[in-house]
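# Structural description and commentary
One-letter residues, chain by chain:
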Amino acid sequence: MALLSVVLLAITDNVIVYQFIMMPVGVIVGISLRATAAAVPVMTWEWAQPARAHTGYP
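Within each chain, residues carry numbers counting from 1 in the order of the written sequence. In keeping with the model being predicted, local features are shown solely for residues with a pLDDT of at least 70 and side-chain atom pairs are shown and tallied solely at 80 or more, while totals for entire chains, interfaces and linings include all residues. Hydrogens and waters are ignored; side-chain quantities use all the structure's heavy atoms.

## So, the overall build of the chain
Our working rule: Under the scheme used here, helices are H or I runs from DSSP no shorter than 4 residues and strands are E runs no shorter than 2 residues, and both carry numbers assigned from the N terminus. Each residue gets one of three labels from its accessible area relative to the maximum for its type: buried under 20%, exposed over 50%, partly exposed in between, using a 1.4 Å probe on protein chains only.
Looking only at helices and strands, the chain features 3 helices and 0 strands. When the elements of the chain are put in sequence order from the N terminus, they spell out α-α-α. Put simply, the chain has 58 residues, and 5% of those count as buried.

## Describing the packing of aromatic side chains
Using the following cut-off: Working definition: rings of Phe, Tyr and Trp (its six-membered ring) pair if their centres are within 6.5 Å, and the pair is stacked with planes under 30 degrees apart, edge-to-face with planes over 60 apart, and tilted otherwise.
Counted by the stated rule, this structure contains 1 aromatic pair. On the basis of an interplanar angle of 20° and a centroid distance of 5.5 Å, the ring pair of tyrosine 18 and phenylalanine 20 is categorised as stacked. The class for phenylalanine 20 is exposed, based on a relative accessible area of 64%.

## Details of the environment of valine 29
Within the secondary structure, valine 29 sits in helix α2 (residues 19–39). Residue classification places valine 29 among the partly exposed positions, given a relative accessible area of 24%. Note: C-alpha distance between valine 29 and methionine 1 (28 residues apart in sequence) is 10.0 Å.

## A closer look at the confidence of the model for the chain
Counted only if it meets this: A residue's pLDDT is simply how confident the predictor is in it, with values from 0 to 100.
When pLDDT is averaged along the chain, the result is 77, and 62% of the positions lie at 70 or above. Mean pLDDT across the elements of the chain ranges from a minimum in helix α3 (residues 45–48), with 58, to a maximum in helix α1 (residues 2–12), with 88.

## A look at the environment of isoleucine 21
Test applied: Two residues form a contact once any of their heavy atoms are found within 4.5 Å.
Mapped onto the secondary structure, isoleucine 21 falls in helix α2. Each C-alpha atom of the pair isoleucine 21 and valine 6 lies 8.3 Å from the other, and the pair is 15 residues apart in sequence. With residues near it in sequence (within four places) discarded, isoleucine 21 still touches Val6 and Val15.

Structure representation (structure tokens):
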């Protein structure tokens, strides 16, 4: 909602130059990105490895 309000206000006014508006919006966006990243499980190194090729017959 903060980003939407900044975009809507940018139509009529140059809110991007106001630090007292952009700093809280940056904090809100940063916190929400961190919360989203914490909710998604991180892929471990074992899962990121490609499948090993078959090296020979038993």
